[in-house]
Every structure is written in C-alpha cells, then in structure tokens.
Amino acid sequence: TKIRQGIHLDDPDSRKHTLAEAIHRYRREVAVDKTRGLHLKRWGDLLGARFLSAVTDVAVSDAVATLKAEHGFEPATVHTHLASLSAVFREARSW
C-alpha cells in the first residue's frame, strides 16, 4: 500500500516536515479540544520526530502497541487516538 511505501502524502514536503511540526500547525490552525490535545501530545511523544513520510502503518502499529502496553488502552480508546492522528494527516494534505 501507499502507506507502507511511505507515499501516502505525495507532496515532497512530507519528507521535509516531521509529525511534530504537523501537530503544532494543526493545533495552531484548528480548534482542538482538551481530549484531542492529549491524543496529539501522545502521538507527538511517540512519533513526533519522524518525517511525515515515515509515519507508516508499521510505525503506527508499534505506537499503538506502546499505548496499549503502557496505558492499558481498550480498542475504543485506541480508535479515538487514531482518529486524532488521522485528522492531522487529513489537514496536512491541504497545506
């Protein structure tokens, strides 16, 4: 899939900017409630140093495993965290 190949964002900027930068911009431009803000902080802690193109399905799966192991998250909680991450990528496509 495109995600496995690191080309889910076709823009060359996806290889220049990190997830932390995208999260920062998202939080600046989009109204983020307290819950989503916490989700984004966790994603930033786990994957923030990666370039957007390097946030692959394997990287996300590993991060989800970490969230489950360290925080004991149930599937519904994982789902809401994934929705928050997805929102950042959806917005980043328009930048």
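As a starting point, this report considers the structure included with it. (Residues numbered from 1 in each chain as written. Predicted model: local features only at pLDDT ≥ 70, side-chain atom pairs only at ≥ 80, totals over all residues. Heavy atoms only, no water.)

1. Topic: the overall build of the protein chain
Line of reasoning, step 1. Each helix and strand in the protein chain was counted, giving five helices and zero strands.
Line of reasoning, step 2. In the protein chain, once contacts between residues fewer than 6 apart in sequence are set aside, the share between residues at least 24 apart is 69%.
Line of reasoning, step 3. For the protein chain, the accessible surface area stands at approximately 5800 Å², while carbon and sulfur atoms represent 53% of it. (Helix = DSSP H or I, 4+ residues; strand = E, 2+ residues; numbered from the N terminus. Contact = heavy atoms within 4.5 Å. Areas by Shrake-Rupley, 256 points an atom, 1.4 Å probe, with all protein chains shown as cover.)

2. As for the environment of Leu47
Line of reasoning, step 1. Locating Leu47 in the fold gives a position in helix H3 (residues 34-47).
Line of reasoning, step 2. Taking relative accessible area as the criterion, Leu47 reaches 4% and is therefore assigned buried.
Line of reasoning, step 3. On a C-alpha basis, the gap between Leu47 and Leu19 in space is 6.8 Å, while along the polypeptide they are 28 residues apart.
Line of reasoning, step 4. Look past the residues within four positions of Leu47 in its chain and what remains in contact with it is Leu19, Val55, Ala59, Val60 and Ala63. (Buried < 20%, exposed > 50% of the residue type's maximum accessible area, 1.4 Å probe, protein only.)

3. Notes on the nonpolar core
Line of reasoning, step 1. Counting 20 residues, the largest nonpolar core has Leu19, Trp43, Leu47, Val60 and Val88 as the members making the most contacts within it.
Line of reasoning, step 2. Only helix H2 (19-29), H3, helix H4 (57-71) and helix H5 (75-92) provide two or more residues apiece to this core. (Core = buried A, V, L, I, M, F, W, Y, C linked by side-chain atoms within 4.5 Å.)

4. Focus: H5
Line of reasoning, step 1. In this model H5 runs 26 Å from its N-terminal to its C-terminal C-alpha over 18 residues, within 8% of the 26 Å that 1.5 Å per residue would give.
Line of reasoning, step 2. Of the positions making up H5, those classed as buried are Val78, His81, Ser84, Leu85, Ala87, Val88, Phe89 and Ala92.
Line of reasoning, step 3. Residues of H5 that are buried in the fold lie against H2, H3 and H4. (Expected span 1.5 Å × (residues − 1).)

5. Some thoughts on the pattern of salt bridges
Line of reasoning, step 1. In this structure the tally under the stated criterion is two salt bridges.
Line of reasoning, step 2. With a closest N to O distance of 2.7 Å, Arg25 and Glu29 form a salt bridge. One end of the pair, Arg25, and the other, Glu29, are both in helix H2, four residues apart, so they sit about a helical turn from each other.
Line of reasoning, step 3. The partner of Lys41 in a salt bridge is Asp45, and the shortest N-O contact between them spans 2.8 Å. (Salt bridge = Lys/Arg side-chain N within 4 Å of Asp/Glu carboxyl O.)

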